[in-house]
Every structure is written in C-alpha cells, then in structure tokens.
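The residues making up each chain are set out below.
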Amino acid sequence: MTPTDSRRSVVPPYLLHAVAQAAEFPRAASAARTALASLEAVQAPKHRHLVAPRSLSSTGTGTGTGTGTVDRSPQRTIADARGTTTLPGAVVRREGDADTGDAAVDEAYAGLGATHAFWLDVFGRVSIDGAGLPLDATVHFGQDYDNAYWDGSRMVFGDGDDEVFRRFTIALDVIGHELAHGVTQYTADLTYQGQSGALNESISDVFGSLVAQYAAGQTADQASWLIGEGLFTDAVHGDALRSMRAPGTAYDDPVLGKDPQPATMADFVVTTDDAGGVHTNSGIPNHAFFLAATSIGGHAWQGAGAVWWDALTSDAVTASIDFAGFAAVTITAAGSRFGAGSAEHTAVQDAWRTVGVLG
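Let us look at the structure shown here. The model shown is predicted, which means the values in this text are computed figures rather than measured ones. (Residues numbered from 1 in each chain as written. Predicted model: local features only at pLDDT ≥ 70, side-chain atom pairs only at ≥ 80, totals over all residues. Heavy atoms only, no water.)

Some words on the pattern of salt bridges
With the rule as written, the count across this model stands at nine salt bridges. Note that Arg 93 and Asp 99 form a salt bridge whose closest N and O atoms lie 3.0 Å from each other. A salt bridge links Asp 205 to Arg 242, with the nearest nitrogen and oxygen atoms 2.8 Å apart. One end of the pair, Asp 205, is in helix H6 (residues 194-216); the other, Arg 242, is in strand S8 (residues 242-243), and 37 residues separate them in sequence. What makes Asp 205 buried here is its relative accessible area of 0%. Within this structure, Arg 93, Asp 99 and Asp 106 form a network of salt bridges that share partners. (Salt bridge = Lys/Arg side-chain N within 4 Å of Asp/Glu carboxyl O. Helix = DSSP H or I, 4+ residues; strand = E, 2+ residues; numbered from the N terminus. Buried < 20%, exposed > 50% of the residue type's maximum accessible area, 1.4 Å probe, protein only.)

Laid out in structure tokens, this is it:
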C-alpha cells in the first residue's frame, strides 16, 4: 500500500504565515514561504480507511510475514535529500548501521528507534501499523525547509532556517508526533477536518509527548508538556510550538505574534483556515489530556495514555467523531480499564468538564 500524500506537518500554517511576513527574519521568511507553498500544493486526499482489522490494530500483534511472525525490531532506513525536494533521497543509514556523524541522520535514526520502543514496550504494538511496518525517514529536505511531516509512508525533516527554526530532528516529541499520525492512520483514521482533525493533531501531540516522557523516564509532574521545545532559535521569544499545560502560552514574540491555541471551548476558534483550525483547536483536547494525566499522576503512559490508546482503538471512535464523542469514549475506556468511579475514571471526566467539552 502506498498512500496518497496526506501531509501532516508539525509547524502549523498560522505560524508559517507569521514567519513568512517577518521582515526582521529575511532568510526565515523565504523558507516559510517555501514551506507554505509545499503544503498548499498537497491536494487533500479523499477520505480513505487504511486501517488493518481492529483486532490487529489494537493489540499490535499479527503475522506481517508468511511465516506467521513479525520482526519486532525497528527496521529503520534514513535517506538524505541533500537539499532537494526529491523523495526519498539517497539511503545513508540502515538498521544496525553505526552513527554517521551527520547530526540530522543520527537524530532521526535514534528518534525513530525511541518511538518504536515506546509503542512496543508500552502497548505491545510492533511499529506504527501493528505489523512491523519499516520506519523510513528523509533528512536535509529542501533548502532551509521549516517543517517536519509525515506523508502517509515516511517521515521528512527540514533543516530549519537558523533564524527562527533549528533543524527538526532535534525534538524527539516532534518525531513521536509525526509517527503518531501514522498510528492514527492505521487505527481510527480520523478525518483531517474540523473537530475530528483537531483530535487527529491532539492525539499526535499526546503520544509525541509520551514518547519523549517515556524515553526520559519522566512522571506527569516532571514533564514540560511542551511540543517542539528547542525548535525556536534564541531570537524568538518562546519555548515551543505548543503547550499542553497552558495552551496559548508556548510563544509570545513581537514579530511572530502570540500562540493562538485555546485551552477551553469558551475560546474555540471557528475558521476555514488550516482544515477548520486543526492545529489551533487541538489545544482543547490537549489540555484535557494534560489535566487527566497530572490528576492521575505517575507515568502518564500508564494512566491517561492507556485510556487514550483504548479510545483510539475502540470501534466507538468513528472517523468523523467530535470532541464530545471522543470524550465519552475516553470516559468509558477509563471506567473499563480502571473501574467505574475510580480515581482515574473521575480524573478523565473532570478533565473534559474543565475544558468545557462536557457540561
């Protein structure tokens, strides 16, 4: 199966537009315009259901080969576009190869491995499709390319412009975020529009953050809950692309403006931009997850993360589900996993109420 290019990028269009208009950052402005043009050139694919049977997707087990076994190793291949926009590029590192000395190549390789380890160790899922899908990535894409994206079959990383953005392989949560789009593609396959699209983005932030937390051994209280921390250069007044702890506070820069994400439904943004505000309104379910995770405490992947995973792989989640529908599924999942009326069950309910999704 070779999916149509369904590019899911980590830097939202609203931020790229702000960078593209920044006379103070001429190199970054040019790079952002190129990144925007590449996004706008991607035709939104007709909705398709790429998922394997739910029994395969939810358990992470299955044959995957004619022998009835699955190769549980990551099977990574890193290619180098060498400043072009031609994919996949020249292969420069394969599974088991030693470090190359190229930071982007080696960071991509390590990030794919850490993400694979998270899904396998925590949920018993072998790669993003649950059946051992090889993990492919391309680095050094384009000139000063200001983004990283999942195109339906591979990860693609730009080097950034060094005025606003650093190289995109430095942030493990970004790698986890983009590969989580692949997991969603093979499970709920949420329609990338409106509230279901914002849930699609939020789920990638949730599991991207959990990948980084798992790799660092952090508890929910120790985590920063920032997405893309370290991507901004020192010239930018900001910590990250998004904050799950406090949506709307990730950056506040005199040139680029302020993080526009809402934390509650009271500030839900109605727009036709960005597929109905998928990168903006994802702040609401992001904040709900943060509230549930920190209320439960401990390692978030064992608490709220397990609930969100149960929901994502539930037959009750339809491709076009909205925030309220997904909230209801997570509440049911929390009750099933931890017991009705348990602290975990109550934490999930309270989180959705606090962000205004449930009355």
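As for the packing of aromatic side chains
Scanning the model with the defined rule gives 22 aromatic pairs in all. When the ring of Phe 118 is compared with that of Phe 123, the centres are 5.8 Å apart and the planes differ by 85 degrees; the resulting orientation is edge-to-face. In this structure, Phe 118 and Phe 123 share a single accessibility class: buried. With centroids separated by 5.8 Å and ring planes inclined at 10 degrees, the aromatic side chains of Trp 308 and Trp 352 adopt a geometry described as stacked. Taken together, the residues span a long stretch of sequence, with Trp 308 in helix H9 (residues 304-312) and Trp 352 in helix H11 (residues 343-354) at a distance of 44 residues. With a relative accessible area of 1%, Trp 308 lands in the buried category. Through a chain of ring-to-ring contacts, the aromatic side chains of Phe 118, Trp 119, Phe 123, Phe 207, Tyr 214, Trp 301 and Trp 309 assemble into a single cluster. (Phe/Tyr/Trp six-rings, centres within 6.5 Å; stacked < 30°, edge-to-face > 60°.)

Examining the packing of helix H4 (residues 103-123) against H6
Two elements in contact, H4 and H6, have axes whose closest approach is 9 Å; the angle formed by their N-to-C orientations is 90 degrees. Taken together, the axes of H4 and H6 are roughly perpendicular relative to one another. Contact residues: H4 offers Ala 114, Thr 115, Ala 117, Phe 118, Trp 119, Asp 121, Val 122 and Phe 123, while H6 offers Phe 207, Leu 210, Val 211 and Tyr 214. Looking at the contact of H4 with H6 residue by residue, the class counts come to 10 nonpolar, one polar and one charged. (Axes fitted to C-alpha atoms, helices over the stretch in contact; angles between N-to-C directions. Parallel < 35°, antiparallel > 145°, perpendicular 65-115°, else oblique. Contact = heavy atoms within 4.5 Å. Nonpolar A, V, L, I, M, F, W, Y, C, P; charged D, E, K, R; others polar.)

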